[in-house]
Amino acid sequence: VLLCKKVVEIEYKAFQSDESVVRKIHPYHLKQYNDRWLLFGLEEVLTEEGVGLERISNLALDRIESVTETLLDIKEDTINWGDFFDEMIGVSKPYEGKSIQVKLKFSKNRIPYILTKPIHGASQRLDPSDAKKRTIIINVIPNRELFQLLLSFGKDVKVIEPIEIASHMKKIAKKMKKQYKKSTKQ
């Protein structure tokens, strides 16, 4: 299909959905992430206001139920896929997502691992204002995978800034605490 350069109709069943839907995609790029293959392509979608938008979507190949080639030629792919993922962790690029500076302070025990295996090699650097050399700065587009990664460090990381990311992490931690309080009562 990628070689034919035709728009495809994909019957797709999202993880959070009971029903499959047909999506019209201009297929551009295949990428593996976290042991899953994804198809990236241009998708025409309607907003709640009924306005048509074009955006890059990704579809997990294992969630595709069928693919039908259309007679429509795909719109030219103008994306440099080598650079597309540089500003994010993972593969989920929020529509209109902008790269921001995120400051993260790590525990004394964890920082050596972060320095030798960077969490975002494209932009990661030490914060020169931290005399203990435990704070790093990354420039990324906030997405689901960023929060998953931060949560994987548990108590070994604290988001210093921006406040929006720190607040979101705090909300997640409160929900987790509440969830565990419930489970100890059962």
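Look up: the structure comes first, before these words.
Residues numbered from 1 in each chain as written. Predicted model: local features only at pLDDT ≥ 70, side-chain atom pairs only at ≥ 80, totals over all residues. Heavy atoms only, no water.

K.L.:
Talk me through the nonpolar core; I want residue IDs and the actual numbers.
P.N.:
Counting 20 residues, the largest nonpolar core has Leu104, Phe106, Ile119, Ile136 and Ile138 as its most contacted members. Considering every element that reaches this core, the biggest residue donor is helix H4 (residues 163-185), with four residues. Ile25, Tyr28, Ile74 and Met88 belong to the second largest nonpolar core, which has 18 residues in total. (Core = buried A, V, L, I, M, F, W, Y, C linked by side-chain atoms within 4.5 Å. Buried < 20%, exposed > 50% of the residue type's maximum accessible area, 1.4 Å probe, protein only. Helix = DSSP H or I, 4+ residues; strand = E, 2+ residues; numbered from the N terminus.)

K.L.:
So what about the sheet that holds strand S7 (residues 125-126)? Which residues, and what values?
P.N.:
With antiparallel pairing, four strands are arranged side by side in an open sheet as S7-S8-S6-S9. Looking along the sheet, the strands with just one partner apiece sit at the ends: S7 and strand S9 (157-161). Bridge analysis of strand S6 (residues 100-106) against S9 gives four bridges, and the strand direction is antiparallel. Opposite Lys105, over in S9, you have Lys158 as the bridge partner. (Pairing = 2+ DSSP bridges.)

K.L.:
Describe the packing of aromatic side chains, listing the residues and the values that go with them.
P.N.:
Counted under the stated rule, the structure contains seven aromatic pairs. With a centroid separation of 5.2 Å and 80 degrees between ring planes, the pair formed by Phe40 and Phe85 is classed as edge-to-face. With Phe40 in strand S3 (residues 36-46) and Phe85 in the loop between helix H1 (81-84) and S6, this residue pair connects regions lying 45 residues apart in the sequence. The pair Phe40 / Phe85 is uniform in exposure class, with both members buried. Note on Trp81 and Phe85: the rings are 6.2 Å apart at their centroids and 40 degrees apart in plane angle, and the pair reads as tilted. (Phe/Tyr/Trp six-rings, centres within 6.5 Å; stacked < 30°, edge-to-face > 60°.)

K.L.:
Please set out the side chain of Gln124 residue by residue, giving values where relevant.
P.N.:
Mapping Gln124 onto the fold places it in the loop between helix H2 (111-116) and S7. A residue is classified by how much of its surface remains accessible, and Gln124, at 18% relative accessible area, is buried. In terms of polar contacts, Gln124 uses its side chain to reach the backbone carbonyl oxygen of Ile114, at 3.1 Å. When sequence neighbours within four positions are dropped, the list of residues in contact with Gln124 reads Ile114, Leu115, Pro118, Ile119, Ile136, Ile137 and Ile138. (Polar contact = N/O pair within 3.5 Å; in protein donor to acceptor, adjacent residues only side chain to side chain. Contact = heavy atoms within 4.5 Å.)

K.L.:
A description of helix H3 (residues 144-152) should follow, citing residues and the corresponding values.
P.N.:
Turning to H3, its buried residues number three or more, namely Glu145, Leu146, Phe147 and Leu150. The positive-phi residue at the C-terminal boundary of H3 is Gly154, with phi of around 55 degrees.

K.L.:
So, the pattern of salt bridges: which residues are in play, and what are the values?
P.N.:
Any two side chains of opposite charge can pair if their charged atoms end up close together. For the structure on display, the rule yields eight salt bridges. Ionic pairing is found between Glu43 and Arg23, a salt bridge with its closest N-O pair at 2.7 Å. Here Glu43, found in strand S3, pairs with Arg23, found in strand S2 (residues 21-33); they are 20 residues apart in sequence, far enough to count as distant. Across the pair, exposure class does not vary: Glu43 and Arg23 are buried alike. As a salt-bridge pair, Lys75 and Glu54 come within 2.1 Å of each other at their nearest N and O atoms. With a gap of 21 residues between them, Lys75 in the loop between strand S5 (64-73) and H1 and Glu54 in strand S4 (residues 52-60) connect regions that are remote in the sequence. (Salt bridge = Lys/Arg side-chain N within 4 Å of Asp/Glu carboxyl O.)

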